[in-house]
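Close look at the chain arrangement
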Amino acid sequence: MKTVLEEILLTMEKSDPDIEASALVRNDGLIMAVALPEGIDKTLVAAMTAAVLNIGSRALEELKRGSLKELFVRGENGLICLMKATEDSVLSTIVRSDANVGLVLVEMRKAVQEISQVLT
């Protein structure tokens, strides 16, 4: 049975096919919910999400740019997009390289709003 959080992730992915996978991860790297295809290690996704979140947050803090809201890592084969979901969690998506990032952000923001309602 899928949890409410997993359903939110799946709905987001269905709304934008450029989002290939997603996870809701606590800041410490523990998995809250995932919607990952076969072959993607959820533990690795969670650990990498927490590591990138930590580095991004620290850089913003050191450079006096405020708290992290969104973070993008673009590679040759796609992007990893992170968005703060709650005070102690982050939404992570794996996105196609040719994606319309603006539309991806719209869907991520909708999902974050729903996640916040569920968790508060």
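Check the entry above for the structure.
Remember, predicted model here, so these are calculated numbers, not experimental data. (Residues numbered from 1 in each chain as written. Predicted model: local features only at pLDDT ≥ 70, side-chain atom pairs only at ≥ 80, totals over all residues. Heavy atoms only, no water.)

Looking now at the sheet that holds strand β5 (residues 89-95). What holds strands together in a sheet is hydrogen bonding between their backbones, with the strands either parallel or antiparallel. A sheet is described by the order of its strands in space; here 5 strands give the open sequence β2-β1-β5-β4-β3, paired in antiparallel fashion. For this open sheet the edge positions go to β2 (31-35) and β3 (70-75), each flanked by a neighbour on one side alone. Recorded for the sheet is a direction-independent mean angle of 15° between the axes of neighbouring strands. As paired elements, strand β4 (residues 78-86) and β5 share 7 bridges and run antiparallel to each other. Looking across to β5, one finds that Thr86 is bridged to Ser89. Across the sheet, helix α1 (residues 4-15) is in contact with β1 (19-26), β2 and β5; its angle to β1 comes to roughly 150°. (Pairing = 2+ DSSP bridges. Helix = DSSP H or I, 4+ residues; strand = E, 2+ residues; numbered from the N terminus. Axes fitted to C-alpha atoms, helices over the stretch in contact; angles between N-to-C directions. Contact = heavy atoms within 4.5 Å.)

This part takes up helix α3 (residues 101-119). End to end, α3 covers 26 Å across 19 residues, agreeing with the expected 27 Å (1.5 Å per residue, within 8%). Within α3, burial applies to Val101, Val104, Leu105, Glu107, Met108, Ala111, Val112 and Ile115. In a view along the axis of α3, the buried residues occupy a sector of 165°, so they form one face of it. Away from its buried face, by an angle of more than 90 degrees, α3 presents the exposed residues Gln113 and Gln117. (Expected span 1.5 Å × (residues − 1). Buried < 20%, exposed > 50% of the residue type's maximum accessible area, 1.4 Å probe, protein only. Arc of directions from axis to C-beta.)

Once that is clear, we can look at unusual backbone geometry. Phi at Lys64 takes a positive value of approximately 55°, unusual for a residue other than glycine. Its location among the elements puts Lys64 in the loop between α2 (42-62) and β3.

Below, the discussion takes up α1. Helix length check: α1 (12 residues) gives 17 Å between terminal C-alpha atoms against 16 Å at 1.5 Å per residue, within 8%. For α1, the complete set of buried residues consists of Leu5, Glu6, Ile8, Leu9, Met12 and Glu13. Seen end-on, α1 carries its buried residues on one side only, within an arc spanning 160°. For α1, exposure combined with an orientation more than 90 degrees from the buried face picks out Val4 and Lys14. Summarising the contacts, the buried residues of α1 are in contact with β1, β2, β5 and α3.

Further remarks concern a nonpolar patch on the surface. On the surface, Val4, Val118 and Leu119 cluster together into a nonpolar patch covering about 230 Å² of accessible area. Among the secondary structure elements, Val118 is positioned in helix α3. (Patch = residues over 30% accessible without salt bridge, like charges linked within 9 Å, V, L, I, M, F, W, Y side chains within 5 Å. Areas by Shrake-Rupley, 256 points an atom, 1.4 Å probe, with all protein chains shown as cover. Salt bridge = Lys/Arg side-chain N within 4 Å of Asp/Glu carboxyl O.)

As for its placement among the helices and strands, Glu107 is situated in helix α3. Taking the relative accessible area as the measure of exposure, Glu107 reaches 13% and is therefore buried. Each residue touching Glu107, except ones within four places of it in the same chain, is listed here: Met12, Ser15, Asp16 and Ile19.

It is worth spelling out the side chain of Thr86 at this point. If you trace the backbone, Thr86 turns up in strand β4. Separated by 3.0 Å, the side chains of Thr86 and Asp88 make a polar contact. Polar side-chain contacts of Thr86 include one of 2.5 Å to the side chain of Ser89. What Thr86 contacts, discounting residues up to four positions off in sequence, is Ser116 and Leu119. (Polar contact = N/O pair within 3.5 Å; in protein donor to acceptor, adjacent residues only side chain to side chain.)

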